[in-house]
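Survey of secondary and tertiary structure
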Amino acid sequence: MSAYDADVIVVGAGLAGLACARRLQRSGLQVLVVEASDGPGGRVRTDSVDGFLLDRGFQVLLTAYPVTRTELDFGRLDLRPFEPGALVRTGGAFHRVSDPFRRPGAALATLRAPIGSWGDKRRVAQLALRVRRGSLAELFERPETSTLSYLTARGFSDRMIDTFFRPFLGGVFLDPSLETSSRMFEFVFRMFGEADVAVPARGMGALSEQLAGDLPAGSLRLNSPVESVSSENVRVEGGGSLSARAVVVATEGPAAERLTDLRDVPGYRPALCLYYAAAEPPVGEGILILNGEGRGPVINFTAMSRVSSTYAPAGRELLSATILGDGIERPEVRVEARSQLREWFGPAVDEWEEIAAYRIPIGLPDQSPRAGGVRARPLRTDDGVFVAGDHRRHGSIEGAIVAGLEVAGAVGASLSAA
């Protein structure tokens, strides 16, 4: 009889931890996942409130992610795609920017939109071709600078950057300053161009639930905050110690830093997501709306129930607004957000009911070059503890899952060699 509680203990049931645990389980190892909260998913969870599906922050799935699409059954997720492109608010009106390859009928409207010059739009097409060249591995080895410097060096005008790239990429990276690594920009721009942007019919938490649902009964222990770890031991708060042949810490960055001897965890960028219930949507399609005016706290807005009717009960609409930066803690920011949306959509905004406000202090890792940029960080500490998470690879669903799988491979190799 084994002296261990499991072959491997995984601390944290986010995407990285779940992907790691499932891969190890499928290789024949006994795995125990220990999670502090009341459910799996980490930052990728969905709450059901009065018939509304509320993702914990505005999130989307880029269906071109190569590893994610092999690890998840997209058919079971019942994905609902966004309309390709965006509506950009500038000059007191909304202007459509579409993907000409998927919406050729909207190409003329895109060219006429007062969002950058004709030269800017030509440069977007050239950029789309550039990011598709070579493998993803080669892309992540290209020279690195900030996204802002990258766009400026390629001749994009200030107007194009401020009206389109800043609100679009600011929402993707939670970084309106565009300090994020140019490598991450090229990767994401490529993913956006290759396939749909979508959400599962039952919310983004369906990704986590699918991974967790594939684990054997009894292998996920919830409501179990971890106090400390070593290479073969996990101490649970108020619950004694658990032992294993290997330990994986798959928590968000700050918790991983607290539990291990890591010294390379980047800071995180925060976000605030406001959800409103309405009788009618301000737009009749599931498309991303961008703040190209640079005024007001809301950087992007979406009628989620227009993307997927499953997000709201019959006869109701679910609307989402995202706010970034340190200002999310100001009490008046929600009043300012409603005032901004009233300017956009008219007095009907006063009738919207705010049904939730998700403050997310740990949103995405800082991926600026000054914070280390986008690079592969070590998956094992000097003390022998394995570490997974988006902070080990890059801040995305794909980055979290890739890190989890790579750690599973490293654990398997280590145990085989022992």
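Structural data are supplied above this passage.
Throughout what follows, the structure given in this document is the object of discussion. All of these numbers come straight from a predicted model, not from anything done at the bench.

If you trace the three strands from one edge of the open sheet to the other, you get β5-β9-β6, paired in antiparallel fashion. Two strands close off the open sheet at either side, each with one partner strand: β5 (61-62) and β6 (79-81). Sheet analysis places β5 next to strand β9 (residues 197-200), joined by two bridges and oriented antiparallel. When the sheet's bridge partners are listed, L62 is paired in β9 with V197.

Of note, A16 is situated in helix α1 (residues 15-26). Judged by relative accessible area, which is 5%, A16 ranks as buried. Considered as a pair, A16 and I328 are 312 residues apart in the sequence and their alpha carbons are 27 Å apart. With residues near it in sequence (within four places) discarded, A16 still touches A250, A388, G389, A400 and G404.

A few words now on the side chain of R393. On the secondary structure map, R393 appears in the loop between β19 (386-387) and α14 (397-417). At 2.7 Å, the side chain of R393 forms a polar contact with the side chain of E406. In this view, R393 contacts V374, R375, A376, R377, L379, G399, V402, A403 and E406; residues no more than four positions away in its chain are not counted.

So, about the environment of E227. By the element assignment, E227 lies in strand β11 (residues 226-230). A relative accessible area of 45% places E227 in the partly exposed class. Sequence separation of E227 and E237 is 10 residues, and the distance between their C-alpha atoms is 5.4 Å. Beyond its immediate sequence surroundings of up to four residues, E227 is in contact with R235, V236, E237, R258 and L259.

Analysis parameters
Residues numbered from 1 in each chain as written. Predicted model: local features only at pLDDT ≥ 70, side-chain atom pairs only at ≥ 80, totals over all residues. Heavy atoms only, no water. Pairing = 2+ DSSP bridges. Helix = DSSP H or I, 4+ residues; strand = E, 2+ residues; numbered from the N terminus. Buried < 20%, exposed > 50% of the residue type's maximum accessible area, 1.4 Å probe, protein only. Contact = heavy atoms within 4.5 Å. Polar contact = N/O pair within 3.5 Å; in protein donor to acceptor, adjacent residues only side chain to side chain.

Worth remembering: the numbers are spatial, not functional.
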